[in-house]
Amino acid sequence: MRSEYTKFIGRDVHKESIAIAIAEHGREAPRFIGTTGPLIEDVLKVLSPLGASDRILATYEAGPCGFGLARQLSKRGYDCQIAAVTKIPRRTGDRIKTDRRDALMLASFLRAGELTPIVIPDERDEAIRDLCRAREDAVSARLKARHRLKAMLLRHGYRYPGKGGWTATYDRFLARVSFGHPAQDIAFAEYRNAVVESFKQVDRLTDALRDQISTWRWQPVVSALMTMRGIDFIAAATLVSEIGDMSRFDRPKRLMSFLGLVPSEYSTGETRFQGRITKCGNAHVRRILIEAAWNYRYPARMSRGITERQVGQPSNIRETAWRAQLRLCGRYRRMRLRGVNANKICVAVARELSGFIWDVARQVPAPSK
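Before going into details, it helps to say that this report is about the structure given with it. (Residues numbered from 1 in each chain as written. Predicted model: local features only at pLDDT ≥ 70, side-chain atom pairs only at ≥ 80, totals over all residues. Heavy atoms only, no water.)

## Quick word on the pairing of strand β6 (residues 263-268)
Pairing between β6 and strand β7 (residues 271-277): 5 bridges, direction antiparallel. Paired with Ser 267 across the strands is Arg 272, a residue of β7. Here β6 folds back onto β7, and the loop between the two strands holds 2 residues, one of which, Gly 269, carries a positive phi near 60°. (Pairing = 2+ DSSP bridges. Helix = DSSP H or I, 4+ residues; strand = E, 2+ residues; numbered from the N terminus.)

The structure is reproduced here in structure tokens:
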């Protein structure tokens, strides 16, 4: 934070209003300016009388209003940070929350340097991330559609005799299902149609993601991460779009902490207690890593899929991916022999996997913006 800032602006941003407070340089208590509209013109009317834009530092909490306001202020010469919500200090015993109080709190903490700013992605990176999340939502909708169809079958006693579902054989089984009333046949047909459309939507979004990634500046990092076991195209694209530039983490432990994969701790005096992982980071990345960690329960080997994904990658990246597979497969096996719960093993493997991801990403030349 630059030392020449003289005014610190805290804003509690909502869909229809923005509460604004200011903390002057020094030790005076922050004061509330007022509530304005959500548009950039409304905010500038409040900020303009406060002086030169290069002497003002503004902030607001990360939330559903996104990065648009911060980008617009930056274009007009204002420095604007977006504060990580999980890292904002909370006063014990404070049970009153209002927009005015939140704005005053943000201004005070900003002046004191107590806020942790998040990285604001550029518009192209954010667009890829939105596409990845849209596909993730479509996969969730597909799962719900399949559950609804199978629930109707179960209610009426239809059970598929085969082992796996959603295959060509399963489709032929569904085509033979018939109910005793036309209304039920209509309902079942609608459920089947919803499942078919959900599959098509996921396929469309996957194809669109592949097309957009091919011209993205972080495409080399996506391809490099695909050399690792358990990380296919979708997983690699999600990791890179959510984390962004991994070079901002000077060591892998910072990335592990950022993702919420480190254990919580309560230590006092001679007592030291470590509990569950903090889960304070990006939930999308954490889910991808834990799903990928399940692949390391098998012995290390070069499958056909991994071999195909490693074609064209430099030897140092392929060696790192193989070293990661040897270590993580061995780690899983040793912890399993000790009787550790499988879910805990996967979290531990996911934590180490994030360190290897950091190592692979830093070996890729930095792209130009």
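## Some remarks on the sheet that holds strand β2 (residues 18-24)
One open sheet accounts for 5 strands, arranged β3-β2-β1-β4-β5; its pairing is mixed. What marks the edges here is a single partner per strand, and that holds for β3 (31-36) and β5 (79-83). On average, each strand axis in the sheet is tilted by 25° relative to the strand beside it, whichever way the strands run. Those strands touched by helix α3 (residues 99-112) are β1 (7-13), β2, β3, β4 (56-61) and β5, and its axis lies near 145° from that of β1. (Axes fitted to C-alpha atoms, helices over the stretch in contact; angles between N-to-C directions. Contact = heavy atoms within 4.5 Å.)

## With respect to the packing of helix α12 (residues 315-337) against helix α13 (residues 342-362)
When two helices pack together, their arrangement is given by the angle between the helix axes and by the axis-to-axis distance. Contact geometry for α12 and α13: axes closest at 10 Å, N-to-C directions at 165°. Our classification of the angle between α12 and α13 gives roughly antiparallel. The two elements α12 and α13 cross, and the hand of that crossing is right-handed. In this structure, α12 uses Ile 317, Thr 320, Arg 323, Ala 324, Arg 327, Leu 328, Arg 331, Tyr 332, Met 335 and Arg 336 to contact α13, whose residues at the interface are Ala 342, Ile 345, Cys 346, Ala 348, Val 349, Glu 352, Leu 353, Phe 356, Asp 359 and Val 360. Broken down by class, the residue content of the contact of α12 with α13 amounts to 13 nonpolar, 1 polar and 6 charged. (Parallel < 35°, antiparallel > 145°, perpendicular 65-115°, else oblique. Left-handed = near helix turned anticlockwise from the far one by under 90°. Nonpolar A, V, L, I, M, F, W, Y, C, P; charged D, E, K, R; others polar.)

## Remarks on the side chain of Arg 111
Relative to the assigned elements, Arg 111 resides in helix α3. Of the side chains with opposite charge, Glu 28 lies nearest to the buried Arg 111, which makes no salt bridge, at 6.8 Å. Within polar-contact distance, the side chain of Arg 111 engages the backbone oxygen of Glu 24 at 2.8 Å. At 3.5 Å, the side chain of Arg 111 and the backbone oxygen of Gly 26 are in polar contact. (Buried < 20%, exposed > 50% of the residue type's maximum accessible area, 1.4 Å probe, protein only. Lys, Arg positive; Asp, Glu negative; His and termini not counted. Salt bridge = Lys/Arg side-chain N within 4 Å of Asp/Glu carboxyl O. Polar contact = N/O pair within 3.5 Å; in protein donor to acceptor, adjacent residues only side chain to side chain.)

## A word on the pairing of β3
Alignment of β2 against β3, held across 5 bridges, turns out to be antiparallel. Within β3, the position partnered with Ala 21 by the bridge is Phe 32. Hairpin connection, β2 to β3: the antiparallel pair is bridged by 6 residues, and Gly 26 has positive phi, about 125°.

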